[in-house]
Amino acid sequence: MSLFNITTRYIGCYGMNQVFSFIKRATIAAAACSMFVTSAFAVTVDHYKGSAEFKETPKRVVVLGNGSLDVLDRIGVQPVGAPHALLPPYLTQYKTSTTNTGSVSEPDFETIYTLKPDVIIAENRMLRVYDELNQIAPTVMFHVDNGQYWQDTQANWRMLGQLFDKEQEVETLIEETQAQLTAAADQVKEGQLNALMVMNNGNNVAMFNKGSRFSIIFDDFNFAESTSQNIAPVEGSHGNLISFEYISDAKPEVIFILDREQAIGRSAGKAQEMFNNPLVNSTPAAQSNKVVLLDPNAWYISGGGVTATQTMISDITSAL
């Protein structure tokens with residue numbers, strides 16, 4: 001029955017004073033009900049920089065990295081802003097469906113402000129400007145720490161699932177990815193393989209081991225570390241610098257190669273040319289065809305994403 005019909009009925013039975021009192025109580029009750037409904041959608045999410053409270057599911061979303069954009073893509077959340085540079089093929093549609101927010105390392109603050117976001121999702125490269133972003137809108141950190149790739153990645157996915165009321169979708173993605181990762185890790189463990197993870201940076205070659213940015217190879221996929229007993233690496237800003245003599249002396253059974261210059265769009269194919277030399281070709285890895293050129297975008301730019309992580313797993317299994 002409508003409020004008009006109720007009011008008319010009460011006027012006839014009880015008079016105006018009683019009707020006004022009834023309307024007042026009904027209005028208060030409706031307001032209380034509205035407050036309850038609103039609070040039912042309130043959520044507090046924990047992230048690398050603390051916690052953030054949202055009274056309702058964010059509608060206008062600005063995302064500042066490929067990893068988090070990858071997750072939003074898989075759980076059906078459409079952002080209004082995202083970086084357009086260095087997008088992998090499976091995310092290029094966002095060049096037309098979002099406003100460009102700068103690069104994955106340099107945000108366009110003015111553009112982000114004009115988008116009036118309900119939430120900003122920042123990634124590792126934005127850590128230094130977190131406070132400035134948080135002044136524009138509540139900002140959550142999609143952060144993956146060295147040596148904790150899969151642990152942090154799951155936490156990030158769950159954070160976004162909670163924020164956008166997509167928790168079941170996220171749990172399905174985690175189960176699916178965990179199964180793929182476990183299958184690969186079991187194969188590595190059974191084969192008792194050791195590996196060397198290297199990256200070209202200009203003309204330099206760097207090695208990454210446990211506790212490094214690419215520690216997932218050893219911590220989650222169960223490869224043993226291949227190291228030289230006679231040649232020491234030199235500590236660098238992008239991994240520990242090594243020589244091709246180091247690689248030869250380490251005798252790795254598997255070599256994983258990341259072409260950083262291709263990842264950042266500076267060149268393509270340089271790593272393949274650099275590592276095709278007698279010293280590398282003398283290793284057990286080369287002789288058994290276990291030299292793997294990793295997907296540079298998945299490993300270096302879009303890490304932490306769903307498709308990126310599954311691509312990383314595929315790279316590992318290609319050596320098995």
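I will try to describe carefully the structure that is included in this document. (Residues numbered from 1 in each chain as written. Predicted model: local features only at pLDDT ≥ 70, side-chain atom pairs only at ≥ 80, totals over all residues. Heavy atoms only, no water.)

**Comments concerning the side chain of R260**
With respect to the element layout, R260 can be found in helix α11 (residues 260-263). No salt bridge forms around the buried R260; measuring N to O, its nearest opposite-charge neighbour E261 is 6.7 Å away. In contact with R260, not counting residues within four places along its chain, are M199, N200, N201, H238 and Y300. (Helix = DSSP H or I, 4+ residues; strand = E, 2+ residues; numbered from the N terminus. Buried < 20%, exposed > 50% of the residue type's maximum accessible area, 1.4 Å probe, protein only. Lys, Arg positive; Asp, Glu negative; His and termini not counted. Salt bridge = Lys/Arg side-chain N within 4 Å of Asp/Glu carboxyl O. Contact = heavy atoms within 4.5 Å.)

**Considering the packing of helix α8 (residues 167-191) against helix α16 (residues 306-317)**
For the pair α8 and α16, interaxial distance at closest approach is 10 Å and the crossing angle is 15°. Classified by the interaxial angle, the pair formed by α8 and α16 is roughly parallel. Between α8 and α16 lies a crossing of left-handed hand. Across the interface between the two elements, L173, E176, T177, Q180, L181 and A184 from α8 touch V306, T309, Q310, I313 and T317 from α16. The residue makeup of the contact of α8 with α16, split by class, is five nonpolar, five polar and one charged. (Axes fitted to C-alpha atoms, helices over the stretch in contact; angles between N-to-C directions. Parallel < 35°, antiparallel > 145°, perpendicular 65-115°, else oblique. Left-handed = near helix turned anticlockwise from the far one by under 90°. Nonpolar A, V, L, I, M, F, W, Y, C, P; charged D, E, K, R; others polar.)

**Brief notes about unusual backbone geometry**
The residue Q192 is not glycine, and still its phi comes out positive at about 50°. Mapping Q192 onto the fold places it in the loop between α8 and β8 (194-201).

Remember, this is a structural readout, not a statement about activity or role.
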